[in-house]
Amino acid sequence: METPGERFEYASSVLLETKKQGVEILQFPIQTIYINGNETSHFNPLLDSVRIYSLILKYMMSSLSSFIVDIVLYSIFISLMRNISTEYYIIAATYFAKIFSCTYGYAINKNLVFGNRGRSAVTAIKFFLLCILQSTCSGFITREFVFMTQWNEVFCKIMVDTLLFFISFQIQNRWVFSHKGR
């Protein structure tokens, strides 16, 4: 009863919630009967598909905007730090940029994407632990990638962070902003 959603996207939300709670789903074949060619249906393929996939679409838009903040700041920090520490400037620039982009990303994800699920203090701690882990992975993997390939730092970071995007979504949805712990 607490599952959010309405109309066609509600069915998807219920299926996702039952999976999270470990509820077994049984399937039964049914016959579909359309009266007068289904002329009374209010299904709008475009609008209702957007509703059904709204969570992933909102997360993608949130991530894109956080990514822009992150990559712009990372580029600035890279140019400022490149000559200071030739060995660790990529990692330092990653952490400095992530401080800002993670704070921005938390606010967007908490309020707009995952619908304010969970207790604020708990979700904030989980989110920032994830940011520390993600920043560490991003910084060290990007650093090694740059040193191995001699490619541009920003290009390498974009490639690494694209992979981390998919992992981060699953962790945020299942752990950081999960319904458990409300």
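What this report covers is the structure whose coordinates are included nearby. (Residues numbered from 1 in each chain as written. Predicted model: local features only at pLDDT ≥ 70, side-chain atom pairs only at ≥ 80, totals over all residues. Heavy atoms only, no water.)

Description of the overall build of the protein chain
Part 1 of the argument: Of regular secondary structure, the protein chain possesses six helices and zero strands.
Part 2 of the argument: Put simply, the protein chain runs from its N terminus to its C terminus through helices and strands in the order α-α-α-α-α-α.
Part 3 of the argument: Expressed as a percentage of the 182 residues in the protein chain, the buried residues total 34%.
Part 4 of the argument: In the protein chain, of all internal contacts separated by at least 6 residues, the share reaching a separation of at least 24 is 67%. (Helix = DSSP H or I, 4+ residues; strand = E, 2+ residues; numbered from the N terminus. Buried < 20%, exposed > 50% of the residue type's maximum accessible area, 1.4 Å probe, protein only. Contact = heavy atoms within 4.5 Å.)

A look at unusual backbone geometry
Part 1 of the argument: With a phi close to 65°, Q150 is a non-glycine residue in the positive phi region.
Part 2 of the argument: With respect to the helices, strands and loops of the structure, Q150 is situated in the loop between α5 (120–149) and α6 (153–176).

So, a nonpolar patch on the surface
Part 1 of the argument: On the surface, a nonpolar cluster with roughly 560 Å² of combined accessible area is contributed by L46, V50, Y53, I56, L57 and M60.
Part 2 of the argument: Ranked by residue count, the leading element in the nonpolar patch is helix α3 (residues 54–81), at three residues.
Part 3 of the argument: Its place among the elements puts L57 in helix α3. (Patch = residues over 30% accessible without salt bridge, like charges linked within 9 Å, V, L, I, M, F, W, Y side chains within 5 Å. Areas by Shrake-Rupley, 256 points an atom, 1.4 Å probe, with all protein chains shown as cover. Salt bridge = Lys/Arg side-chain N within 4 Å of Asp/Glu carboxyl O.)

Quick notes on the pattern of salt bridges
Part 1 of the argument: Applying the stated criterion across every chain, the model contains six salt bridges.
Part 2 of the argument: K157 is paired through a salt bridge with D70; the nearest N and O atoms lie 3.1 Å apart. One end of the pair, K157, is in helix α6; the other, D70, is in helix α3, and 87 residues separate them in sequence. Side by side, K157 and D70 carry an identical accessibility label, which is buried.
Part 3 of the argument: Salt bridges linked by common partners bring D70, K98, K157 and D161 together as one network.

Brief notes about the packing of aromatic side chains
Part 1 of the argument: By the definition in use, this model includes seven aromatic pairs.
Part 2 of the argument: A centroid spacing of 5.6 Å and a plane angle of 40° characterise the contact between F77 and F96, whose relative ring orientation is tilted. Here the residue F77 occupies a position in helix α3, and F96 occupies one in helix α4 (residues 89–113), the gap between them amounting to 19 residues.
Part 3 of the argument: Plain terms: the ring middles of Y106 and F128 are 5.6 Å apart, the flat faces sit at 40° to each other, and that makes the pair tilted. (Phe/Tyr/Trp six-rings, centres within 6.5 Å; stacked < 30°, edge-to-face > 60°.)

Let's talk about the state of the cysteines
Part 1 of the argument: This model, assessed by the stated rule, comprises one disulfide.
Part 2 of the argument: Two residues share a disulfide in this structure: C102 and C131, whose sulfurs sit 2.4 Å from each other. With the S-S bond torsion at -110°, the cross-link from C102 to C131 turns out left-handed. Placement of the pair is C102 in helix α4 and C131 in helix α5, with a sequence separation of 29 residues. Neither residue differs from the other here; C102 and C131 are each classed as buried. (Disulfide = S-S within 2.5 Å.)

Let's talk about the side chain of S168
Part 1 of the argument: Structurally, S168 is set in helix α6.
Part 2 of the argument: In contact with S168, not counting residues within four places along its chain, are Y59, L130 and Q134.

Some thoughts on the packing of α5 against α6
Part 1 of the argument: Two numbers describe how α5 lies on α6: the axes approach to 9 Å, and their chain directions differ by 155°. It follows that α5 is roughly antiparallel to α6 by the angle criterion. The element α5 and its partner α6 pack so that their crossing is right-handed. (Axes fitted to C-alpha atoms, helices over the stretch in contact; angles between N-to-C directions. Parallel < 35°, antiparallel > 145°, perpendicular 65-115°, else oblique. Left-handed = near helix turned anticlockwise from the far one by under 90°.)

Describing the nonpolar core
What tends to happen in soluble globular proteins is that the nonpolar side chains get buried as a cluster.
Part 1 of the argument: Ranked by internal contacts, the top residues of the largest apolar core, which has 14 residues, are Y74, F77, I78, M81, Y89, I90 and A93.
Part 2 of the argument: Secondary structure elements with two or more residues in this core: α3, α4, α5 and α6.
Part 3 of the argument: A per-element tally of this core places α3 first, with five residues.
Part 4 of the argument: With near-sequence residues (within four places) excluded, I78 lies in contact with Y89, I90, A93 and E153.
Part 5 of the argument: With eight residues, the next largest nonpolar core counts C102, L130, V176 and F177 among its residues. (Core = buried A, V, L, I, M, F, W, Y, C linked by side-chain atoms within 4.5 Å.)

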